[in-house]
Amino acid sequence: MTVETIELVPGYRISRVLRGGWQLAGGHGAIETERAIADMSAFVDQGVTTFDCADIYTGVEEMIGLFRERMLAERGSEALKSFKVHTKFVPDWDALPHVDRAYVRDVIDRSLRRLRMERLDLVQFHWWNYDVPSSVETALILKDLQDEGKIHQIGGTNFDTSHTRAMLDAGVPLVSMQAQYSVLDQRPENGLVALCQERGMKLLCYGTVAGGFLSERWLGVPEPQEPYANRSLVKYKLIIDDFGGWPLFQELLATLKEIGRKHQVSLTAVATRWVLDRPVVAGAIIGARYAEHLADNLDVFRFALDDEDMVAIERILARKTGPEGDTYTLERDRDGRHGRIMHYNLSKA
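Residues numbered from 1 in each chain as written. Predicted model: local features only at pLDDT ≥ 70, side-chain atom pairs only at ≥ 80, totals over all residues. Heavy atoms only, no water.

J.: Outline the overall build of the protein, supporting the account with residue identities and numerical values.
T.: What the protein contains, in helices and strands, is twelve helices and ten strands. Against the compact-globule benchmark of 20 Å for 349 residues, the protein has a radius of gyration of 19 Å, which places it among compact chains. When its C-alpha atoms are laid out on the principal axes, the protein stretches across 50 × 50 × 40 Å. Counting over 349 residues, the protein shows a buried share of 58%. Taking the intrachain contacts of the protein between residues at least 6 apart in sequence as the baseline, contacts between residues at least 24 apart amount to 78%. (Helix = DSSP H or I, 4+ residues; strand = E, 2+ residues; numbered from the N terminus. Rg over C-alpha atoms; globule rule 2.2 N^0.38 Å. Buried < 20%, exposed > 50% of the residue type's maximum accessible area, 1.4 Å probe, protein only. Contact = heavy atoms within 4.5 Å.)

Following this line, the structure appears as structure tokens:
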């Protein structure tokens, strides 16, 4: 088994499964910091050489920075050449009216210190509130910092199609957009995918396994009731409700299970492979605190979906009721079901 890789742009290559960092930030149970850092080696050794984190994931940039430092000491600088760290620049909702050049520089410098890097590999920009009209100007400040050598590549996170286009038209050199994309949630296909095809951008996808809902654990069980065990389940149960509810979700799981049985992989691997095979998708971000499920995650590279598999999946998707709209539009409505569970002010000094 070989982990697939892809170039986001010429000369910048990543693994097509990225190790996600959100689950290390709290909200998913206590974190054993030393174990988490030690387990990062297992991902790299198996070919998962790209990690995803964010300035707002409390403590995660620091953990990855410690891992980079240890890897440099133990393996030398050559080992770091293929290792990529994707972070984010996410100003708080309340800070948006006050974001200026000094603010952006301070946050980027903080990420450089935390990650113990001289240049950030990829900074993914997010802007909570489109009613504050300076997102393009802020993205252009990131371009200036790129020109200074503080940033290698610039991407976006959770921008819809029109605002992504506006940044591209203004000269922001976006190489990727991070978006929620799964067999349950195809909102990127409502415009963003076509824009990526037009402009040569790639998608980096999270939510591909719906916080663990797309697994055998949830097949054939009664619909869960609140309170849920962690924030991921809260978030993705709403997606299941929009998709068509628990009965249709169970039919989807059963279909994915049958496809997985044919290929001798898990239904989770089937769901992930489906996303990786979509147009313009560069990679799937798989959240993990530790390496205990790494082997299962890498099963996605052991098989290919055939036409029969795709027809079976599409038969279920033809009956879905949502979620509807452009990328992340539901989550931006602070009064809506999806927006009410969001935390909009997460930055830490």
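Having seen the structure, we can now continue with the description.
J.: Summarise unusual backbone geometry; cite the residues concerned and give the values.
T.: Of note, the bond from Glu226 into Pro227 is cis; its omega dihedral lies within 30 degrees of zero at 0°. In this fold, Pro227 is placed in the loop between β9 (202–206) and α7 (231–243). Put simply, Gly322 and Pro323 share a cis peptide bond, and its omega is -5°. Note that Pro323 resides in the loop between α11 (307–317) and α12 (329–332). One non-glycine residue, Val280, lies in positive phi territory at about 65°. Note that Val280 resides in the loop between α9 (267–276) and β10 (281–287). Backbone geometry places Tyr328, a non-glycine residue, at a positive phi of 65°. Structurally, the position occupied by Tyr328 is in the loop between α11 and α12.

J.: Quick one: what's the story with the sheet that holds strand β3 (residues 17–20), residue by residue and with numbers?
T.: Here we have eight strands rolled up into a closed barrel, ordered β3-β4-β5-β6-β7-β8-β9-β10, and parallel in their pairing. When the angles between neighbouring strand axes are averaged without regard to direction, this sheet yields 30°. Of the pairings in the sheet, the one linking β3 to β10 comprises four bridges and is parallel in character. The residue bridging Gly20 from the neighbouring strand is Gly287, located in β10. The strands touched by α9 within the sheet are β9 and β10, with β10 carrying the most contacts at an inclination of about 150°. (Pairing = 2+ DSSP bridges. Axes fitted to C-alpha atoms, helices over the stretch in contact; angles between N-to-C directions.)

J.: Could you give an account of the pattern of salt bridges, with specific residues and numbers?
T.: Using the criterion set out here, one finds 33 salt bridges in the structure. Residues Glu62 and Arg114 are paired through a salt bridge, measuring 3.3 Å at the closest nitrogen-oxygen approach. Placement of Glu62 in helix α2 (residues 60–75) and of Arg114 in helix α3 (residues 101–115) is noted, with a sequence separation of 52 residues between them. Residue classification places Glu62 among the partly exposed positions, given a relative accessible area of 32%. Relative accessible area serves as the criterion here: at 12%, Arg114 is assigned to the buried category. The salt bridge involving Glu251 is made with Arg319; its shortest N-O contact spans 2.7 Å. Pair noted here: Glu251 is in helix α8 (residues 246–263) and Arg319 is in the loop between α11 and α12, with a separation of 68 residues, a long-range link. (Salt bridge = Lys/Arg side-chain N within 4 Å of Asp/Glu carboxyl O.)

J.: Before we move on, could you go through the packing of aromatic side chains and cite the residues and values that matter?
T.: Counted under the stated rule, the structure contains 17 aromatic pairs. On the numbers, 6.2 Å between centres and 35° between planes, the contact of Tyr130 with Phe159 is tilted. Placement of Tyr130 in the loop between β6 (120–125) and α4 (135–148) and of Phe159 in the loop between β7 (151–157) and α5 (161–169) is noted, with a sequence separation of 29 residues between them. An aromatic cluster is defined as three or more aromatic residues linked by ring pairs; in this entry it consists of Phe89, Tyr103, Phe125, Trp127, Tyr130 and Phe159. We note Arg19 situated over the ring of Phe43; from NZ or CZ to the ring centre the distance is 4.5 Å. The aromatic ring of Tyr12 is capped on one face by Lys84, whose charged end is 5.2 Å from the ring centroid. (Phe/Tyr/Trp six-rings, centres within 6.5 Å; stacked < 30°, edge-to-face > 60°. Lys NZ or Arg CZ within 6 Å of the ring centre and 35° of its normal.)

J.: Give a detailed account of the environment of Gly244, specifying residues and quantitative values.
T.: Residue position: Gly244 is located in the loop between α7 and α8. For Gly244, a relative accessible area of 34% corresponds to the partly exposed category. C-alpha separation for the pair Gly244 and Pro323, spaced 79 residues apart in sequence, amounts to 8.8 Å.

J.: So what's going on with the packing of α8 against α11? Residues and values would help.
T.: As a packed pair, α8 and α11 sit with axes 9 Å apart at the nearest point and diverge in direction by 175°. One way to sum up the angle between α8 and α11 is to call them roughly antiparallel. Residues Leu248, Glu251, Leu252, Thr255, Leu256, Ile259, Lys262 and His263 of α8 form the contact with α11, whose participating residues are Glu308, Asp309, Ala312, Ile313 and Ile316. (Parallel < 35°, antiparallel > 145°, perpendicular 65-115°, else oblique.)

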